[in-house]
Every structure is written in structure tokens, then in C-alpha cells.
Amino acid sequence: MNQELQGKVVVRLKRRFVAFLMVVLLLLAAVGCIGPERSPKEVVLLYVDALRGDVEGLSKYDPEAVPEEGFWAESLEGQDIAFTPEQVDAYVLASQAALKRSRVTAVGETINGGTAVVKLEILQVDFVNTVTALAEAIDWSGKTSEDVNSMIADLMIRGLNEAPLTDRLVTQEVTLTKVNGLWVLDEASAVPLVNSMILFQ
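Please read these numbers as outputs of a predicted model, since none were measured by experiment.

Peer 1: Please clarify how the overall build of the protein chain should be interpreted in this entry.
Peer 2: A count of helices and strands for the protein chain gives eight helices and five strands. When its helices and strands are written in sequence order, the protein chain yields α-α-α-α-α-β-β-α-α-β-β-α-β. A total of 201 residues make up the protein chain; the buried ones form 46% of that total. Once local pairs closer than 6 in sequence are excluded, the contacts in the protein chain between residues at least 24 apart make up 77%. Counting only carbon and sulfur atoms, one obtains 49% of the accessible surface of the protein chain, whose full area is about 9900 Å².

Okay, structure coming up:
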């Protein structure tokens with residue numbers, strides 16, 4: 001595989017995965033209605049759990065935030081890589097498994113009226129180096145665009161499944177706003193949160 005094509009494939013992989021998680025996070029953060037009192041630190045960890053596929057805590061805090069059936073598959077629509085139904089299922093499970101391997105600890109919070117900033121310490125999952133090594137081992141020559149599309153989808157799934165936990169500890173601050181009595185993750189904090197859990201570059 002030539003270096004230029006390899007670079008394009010890896011960039012598409014990283015952008016595609018971030019786009020998927022952004023849709024998930026923004027939909028989860030879209031509403032706030034009723035629920036038990038929680039600290040901002042606790043609420044951030046509920047969003048992290050929901051990203052990992054465990055929505056029980058978030059549903060108890062905010063029932064309106066629970067994704068409906070087909071939610072994960074719908075978040076893949078309109079992207080530049082076409083997934084088969086089987087690949088969609090595998091991709092969702094692989095994404096959740098990779099996020100579960102990250103280690104997220106809420107170590108502090110600052111509350112100022114209806115705004116809160118939560119400081120997180122995170123051990124990342126190494127997606128980028130894993131998927132790059134896998135891409136380098138593939139013979140991409142002579143493949144049709146359909147072949148490449150399917151191979152990229154499979155490569156992303158495999159990279160997510162095999163990406164190991166790193167020993168790189170990063171800190172990340174995320175902001176929440178109180179909406180109808182509930183702490184809701186700000187949209188501007190979604191990308192930094194995901195990027196801090198998964199090592200993309």
C-alpha cells in the first residue's frame with residue numbers, strides 16, 4: 001500500500017469514528033427533564049457509561065435521554081463509508097468495547113450557578129496506532145471502490161476490537177449546564193471528551 005493511500009485511509013478511519021461518537025453524544029446530551037439529584041461529576045460519568053452502551057444510570061437520571069431502538073444504527077447514516085447491516089452491529093459493539101477499555105475518573109468539579117466544569121483523568125485506548133498497523137499489513141492494490149469501502153469498515157471494527165489500553169494519562173475538562181433542574185453535557189465538550197477517551201493521533 002503506498003504511503004499516500006495509507007494516509008488517506010487512516011484519516012478516513014479516524015474522522016469516521018469521531019463523527020459516529022459525536023452523533024451519539026450530542027443526541028444523548030440533547031434533553032433534560034426530571035430525575036434524582038446528581039453532582040456534575042456523577043452526571044459526566046453517566047454520559048460516559050451511555051457511550052459505552054450502559055444507559056441504565058442515564059435513564060434513571062433523565063428518562064428522555066434513553067436512545068430508542070435503532071439509535072446506534074441511525075447514527076451511522078449519511079457518512080462516507082457504507083456499512084452492511086452485519087457491519088453496523090459489529091461496529092457498534094466494537095465501539096462500545098473500545099470505550100469500555102478506557103479508564104475515566106472524575107477528580108474534581110467547580111460549580112458556578114447553572115454551569116459546572118468537571119475535571120477528568122483518563123487512560124486512553126490506542127486506536128490510531130492499532131488501525132495504522134493493520135492498514136499497513138493490507139494489500140490495497142487492484143481493489144475496487146466497493147472493495148475498499150468494505151475493507152475500511154472491517155478495518156475500523158477490527159481496530160476498535162484490538163486497540164489496547166495505554167498508560168498515557170490525560171486530563172480533560174468538560175462543561176455542563178443545568179437545564180430544567182438537570183445537569184446536561186454541553187455540545188462543545190462532546191468532541192474533547194471522545195478524543196480524550198480514544199487516542200486518534
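From this point, the narrative continues.
Peer 1: Before we go on, may I ask you to explain the nonpolar core in this structure?
Peer 2: Proteins that are soluble and globular tend to have nonpolar side chains buried together. Formed by 50 residues in total, the largest nonpolar core has its most connected members in Leu120, Met197 and Ile198. Broken down by element, this core gets its largest block of residues, eight residues, from helix α7 (residues 145–162).

Peer 1: Hey, could you run me through the environment of leucine 99 in this one?
Peer 2: As for its position among the elements, leucine 99 is in helix α5 (residues 85–101). Spatially, the C-alpha atom of leucine 99 lies 6.8 Å from that of methionine 197, the residues being 98 residues apart in sequence.

Conventions used here
Sequence order sets the numbering: in each chain, residues are counted from 1 along the sequence as written. Per-residue local features are limited, in this predicted model, to residues with pLDDT of at least 70; the limit for side-chain atom pairs, both in listing and counting, is 80 or more; totals at the level of whole chains, interfaces and linings are taken over all residues. To get the side-chain values, take all heavy atoms of the structure and skip hydrogens and water. Segments assigned H or I by DSSP are reported as helices when at least four residues long, segments assigned E as strands when at least two residues long, and all are numbered from the N terminus. Summary of the burial criterion: residues with accessible area below 20% of their type's maximum are buried, those above 50% are exposed, and those between are partly exposed, where the area comes from a 1.4 Å probe applied to protein chains only. Any two residues having at least one pair of non-hydrogen atoms within 4.5 Å are treated as being in contact. A 1.4 Å probe and the Shrake-Rupley method give the accessible areas. Residues count as covered only by the protein chains that appear here. Residue types Ala, Val, Leu, Ile, Met, Phe, Trp, Tyr and Cys, when buried and joined through side-chain atoms within 4.5 Å, form a set referred to as a nonpolar core.

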